[in-house]
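# Geometric and topological summary
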Amino acid sequence: SDQAEAKRLIAHGFGLITVASDGQVQVRASAIPLIQRISDAEFKAELKDLPPAIKRRLVEAYDRYLHSPPTGAADIAEVIEGFILKAGKEAAKKGWIDAKFSKGQTPASTLDAMQAASQFSNSMAAIGSVRGYVAEYRNVSHHFPKNKQQAAIKYRECRHAFLDGLKRVNSFRSSMKLRGLSGSL
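What this report covers is the structure whose coordinates are included nearby. All of these numbers come straight from a predicted model, not from anything done at the bench. (Residues numbered from 1 in each chain as written. Predicted model: local features only at pLDDT ≥ 70, side-chain atom pairs only at ≥ 80, totals over all residues. Heavy atoms only, no water.)

## A word on the pattern of salt bridges
Tallying each qualifying case throughout the model produces nine salt bridges. For E46, the salt bridge goes to K167, with nearest N and O atoms at 2.6 Å. Of this pair, E46 sits in helix α2 (residues 40-47) while K167 is found in helix α8 (residues 158-178), placing the two residues 121 residues apart along the sequence. The buried category is assigned to E46, whose relative accessible area is 17%. The class for K167 is partly exposed, based on a relative accessible area of 37%. (Salt bridge = Lys/Arg side-chain N within 4 Å of Asp/Glu carboxyl O. Helix = DSSP H or I, 4+ residues; strand = E, 2+ residues; numbered from the N terminus. Buried < 20%, exposed > 50% of the residue type's maximum accessible area, 1.4 Å probe, protein only.)

As structure tokens, this is what we get:
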């Protein structure tokens, strides 16, 4: 009955279930561990400079994150891979990198080829940061942990992996646009 208090709790990351007098249950807000919580305001701040199509895709990843942080972190890693592979295809069309690095290769090999191309000399920081992100988070977020230590790392790092992924999307996209590529998915 206290909607203001319910909204305040939801805004602070609490899950909320309402039960009607007839016993029907409705989930109003799901909850994740508070250590993994990313507020709507923090998320939206990372999206402010992106076009609507990319925002929509990142909102999908955020929705996944809100229900399962490991799934959301894996999804943002896939978004980054999409940006890498699209940039690789466009660079291959321009003749900047060998086409074999834009088709079916790993994102790491595409990034390595981009780093070797002189046309990307002013994009080394963005390429390197995305390369580091892929190396640090891609496998952790996409594979089941083999032991307790890997599980602790995976679940503890979800928040950072998601937020860092958003930052990498922004910087890589901006850098690719400056090189004359689309900077899209």
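Now that the structure has been shown, the text picks up again.
## Focus: the pairing of strand β2 (residues 25-29)
Strand residues, when the strand is regular, have side chains that alternate between the two faces of the sheet. Of the strand pairs in this sheet, strand β1 (residues 16-19) and β2 are connected by four bridges, and their pairing is antiparallel. In the strand pairing of β2, L16 is matched with A29. Taken together, β1 and the strand that follows it, β2, pair antiparallel across an intervening segment of five residues, in which G23 is found at a positive phi of about 95°. (Pairing = 2+ DSSP bridges.)

## As for the environment of H67
By the secondary structure assignment, H67 is in helix α3 (residues 52-67). Residue classification places H67 among the exposed positions, given a relative accessible area of 60%. Taking the C-alpha atoms as reference, H67 lies 24 Å from L50; in sequence the two are 17 residues apart. Residues contacting H67, with those up to four places away along its chain left out, are S30 and I32. (Contact = heavy atoms within 4.5 Å.)

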